[in-house]
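Here is what each chain is made of, one letter per residue.
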There are 2 protein chains.
Amino acid sequence: MIATSFRARHLSIVGLGLMGGSLALALRDHADHITGIDSCEAARSYGLRGGFVDCATDDLFAGVNHADVVILAAPVRVIVEMLKMRIGSYLRSNTLVVDIGSTKQDIVDAMADLPVGVNAMGGHPMTGKENGGIEESDRALYANRPFVLCPSRRTTPAARLRAISLVESLGAIAIEMEAERHDQIVAGISHLPYLLSATLVATVANQADSDSAYWELAAGGFRDTSRLAASDVTMMGDILSTNTKAVATLLAQFRMQLAMLETMLIGGDEQRLSQSLQPIRRARKEWADNYEKGR
Amino acid sequence: MIATSFRARHLSIVGLGLMGGSLALALRDHADHITGIDSCEAARSYGLRGGFVDCATDDLFAGVNHADVVILAAPVRVIVEMLKMRIGSYLRSNTLVVDIGSTKQDIVDAMADLPVGVNAMGGHPMTGKENGGIEESDRALYANRPFVLCPSRRTTPAARLRAISLVESLGAIAIEMEAERHDQIVAGISHLPYLLSATLVATVANQADSDSAYWELAAGGFRDTSRLAASDVTMMGDILSTNTKAVATLLAQFRMQLAMLETMLIGGDEQRLSQSLQPIRRARKEWADNYEKGR
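Residues numbered from 1 in each chain as written. Chains lettered and ligands numbered in written order. Predicted model: local features only at pLDDT ≥ 70, side-chain atom pairs only at ≥ 80, totals over all residues. Heavy atoms only, no water.

*Asks:* Could you give me a rundown of the pairing of strand β7 (residues 146–151) of chain A, with the residues and numbers involved?
*Replies:* All names here are of chain A. With five of six residues buried, β7 is to be regarded as a mostly interior element. Where strand β6 (residues 119–125) meets β7, five bridges bridge the pair, whose relative direction is antiparallel. In the sheet register, Pro-125 faces β7, and the bridge partner there is Phe-147. By the bridge criterion, four bridges tie β7 to strand β8 (residues 173–176) in an arrangement that is parallel. Within β8, the position partnered with Leu-149 by the bridge is Glu-176. (Buried < 20%, exposed > 50% of the residue type's maximum accessible area, 1.4 Å probe, protein only. Helix = DSSP H or I, 4+ residues; strand = E, 2+ residues; numbered from the N terminus. Pairing = 2+ DSSP bridges.)

In structure tokens form, the structure reads like this:
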């Protein structure tokens, strides 16, 4: 992918958490001026003191109206709200808006209604950390990780190239796809795993109500499988609620697969069970080997 | 728990893999003589060369007939087979037999048929490593980890105390319970997580057949939730097949819990969804804090 080096005259980052803070650090040398916008005073003053941003405000409209690049680093429905408010009319012509929300269809749909002249592309970096907050920021958070870009009706060819160069300046790997496809994929690799993890914990907690030895004996395997259940509930609620259809489709497929394995198990058909589990094991090992290599 | 320090005159360990090898290392100073029994020549010579054992043989009966303590470190059904063979008639009176199989009911049932005079207690240490084999042995593998002990019809009061002192000499935490209760607990904290992990990978692999971007975008959350799917299939088949009833019961409860969350999600009942997910998150965090503290 060939894209010129990314430069912004005035970059505005809406949302100074882990993701927005890390963006500010990584783009520091690519922007003449960075404005941070957040309703939380502590995040703003942390960002100012740490030199993440040159100025900080809680006023969305004042914060974006001189920008030539705006990054929306907020929960999905907050991003959609912002796009549906009058934000478009505060943006200068030719401004590039990119978001980093975890689901994309609702966002690119809302981008379509921005005024002509404002450019916008949906984005989703496949990175993060267990704990959030601007204090956790890391300028290398995006490096070598996929960064999905989803076109909207406001993605001009020039805007597309500029978004790609933004992503590449983070050291991330730009992967372009339609929002619908993105949302189906994250339903499988992220939202379904979260629901399984939470449901596993609910099932064990239910048993543990009458026998605390469940908690005493749980070890490494339970720790790994249950880790996603500790995710922020508000964030996950936002994500799941904006991807209900894809998640429900995947859940139906999951149930079918589970029923097949269970049938073999209960039927004592150990040979078929083993024949089903072997390719699963191989697929997981192959993926994990590649994943660890890429990190 | 008060138990005298563990001593064996002649300890025989059947199965020189990760678990058996680590036992040999940890019990080195508690036994005058250790015999290792394994059908694999490479494991035997590794154990001999490394000083894990004083002698090694592939002959089960010759290997155990001078022992005053025998530890069976093999897959569940191999242990059951050994107990059902004439092994009892080769054991000296007052010998203590302890196993470390992953499910306990079938094993303590088989122990019940050992000759009177042979003492036997079921055991299950809640520890392990991602990779097996005697080369992976670690004398601290059992330290500070729960080691479940399940009584059989051949557990005399003296045998019980001796088994507890064996466990404590490993630095492990002895937890006594009936085999049935043990098997229900591990169904929840270990076998259900494995099945979910494998079924998740099967579901994603199915999708990835027509779109490889599933694998490209999968990241840390998928890695954790899918880790158990890489477990040894033969070992898991052995475990699941000896705990079918408890696993099926837990699967039914899992499905109910999942259906409740899905109903709220599809119905757009975000408040109830959040009210259900919050206590799950708290339960997981509380457990994980305690678990990490105990390690």
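This is not the end of the story, as more comes after the structure.
*Asks:* Any chance you could break down the nonpolar core for me, citing the residues and the numbers?
*Replies:* Generally speaking, nonpolar side chains in soluble globular proteins are found buried as a group. Membership of the largest hydrophobic core comes to 144 residues, with the highest contact counts inside it found for Tyr-194 of chain A together with Tyr-194 of chain B. Those residues within four positions of Tyr-194 of chain A in sequence are excluded, and the remaining contacts are Leu-228, Ala-229, Ser-231, Val-233, Met-236 and Leu-240 of chain A together with Leu-277 of chain B. Grouped together as the second largest cluster of nonpolar side chains are 36 residues, Leu-27, Ile-100, Met-121 and Leu-170 of chain B included. (Core = buried A, V, L, I, M, F, W, Y, C linked by side-chain atoms within 4.5 Å. Contact = heavy atoms within 4.5 Å.)

*Asks:* Explain the packing of helix α8 (residues 179–208) of chain A against helix α13 (residues 270–294) of chain B to me, and be specific about the residues and the numbers.
*Replies:* Between α8 of chain A and α13 of chain B, the least distance of the axes is 9 Å, while the angle of their chain directions is 75°. In terms of their interaxial angle, α8 of chain A and α13 of chain B are classed as roughly perpendicular. Contacts between α8 of chain A and α13 of chain B pair Tyr-194, Ala-198, Val-201 and Ala-202 of chain A from the former with Leu-277, Ile-280, Ala-283 and Arg-284 of chain B from the latter. Here the residues of the contact of α8 of chain A with α13 of chain B are counted per class, giving seven nonpolar, no polar and one charged. (Axes fitted to C-alpha atoms, helices over the stretch in contact; angles between N-to-C directions. Parallel < 35°, antiparallel > 145°, perpendicular 65-115°, else oblique. Nonpolar A, V, L, I, M, F, W, Y, C, P; charged D, E, K, R; others polar.)

*Asks:* Any details on the relation of the copies chain A and chain B? Residues and values, ideally.
*Replies:* Mapping chain A onto chain B leaves a residual RMSD of 0.0 Å; the transformation is a rotation of 180° accompanied by 0.0 Å of translation along its axis. Taken together, the rotation and translation describe the operation of a two-fold axis. Closest approach to the rotation axis within chain A is made by the C-alpha atom of Thr-225 of chain A, at a distance of 2.2 Å. Mapped onto chain B, 100% of the interface residues of chain A again fall at the interface, so both copies present the same surface. (Least-squares fit on C-alpha atoms with pLDDT ≥ 70 in both.)

*Asks:* Lay out helix α13 (residues 270–294) of chain A with the relevant residues and their values.
*Replies:* Its 25 residues place the ends of α13 of chain A 36 Å apart at the C-alpha level, agreeing with the 36 Å of an ideal helix rising 1.5 Å per residue. Along α13 of chain A, the residues classified as buried are Leu-273, Leu-277, Ile-280, Ala-283, Arg-284, Trp-287, Ala-288 and Tyr-291 of chain A. Each element contacted by the buried residues of α13 of chain A is listed here: α12 (244–266) of chain A together with α8 (179–208), α9 (213–217), α10 (220–226) and α11 (233–241) of chain B. (Expected span 1.5 Å × (residues − 1).)

*Asks:* I'd like a description of the sheet that holds strand β5 (residues 96–99) of chain B, backed by residues and values.
*Replies:* Residue and element names in this part refer to chain B. Taken in spatial order, the eight strands line up as β3-β2-β1-β4-β5-β6-β7-β8 in an open sheet, and their pairing is mixed. Every other strand in the sheet has two partners, leaving β3 (55–57) and β8 (173–176) as the edge strands with one partner each. Shown here is a sheet whose adjacent strand axes are inclined to one another by a mean of 25°, direction ignored.

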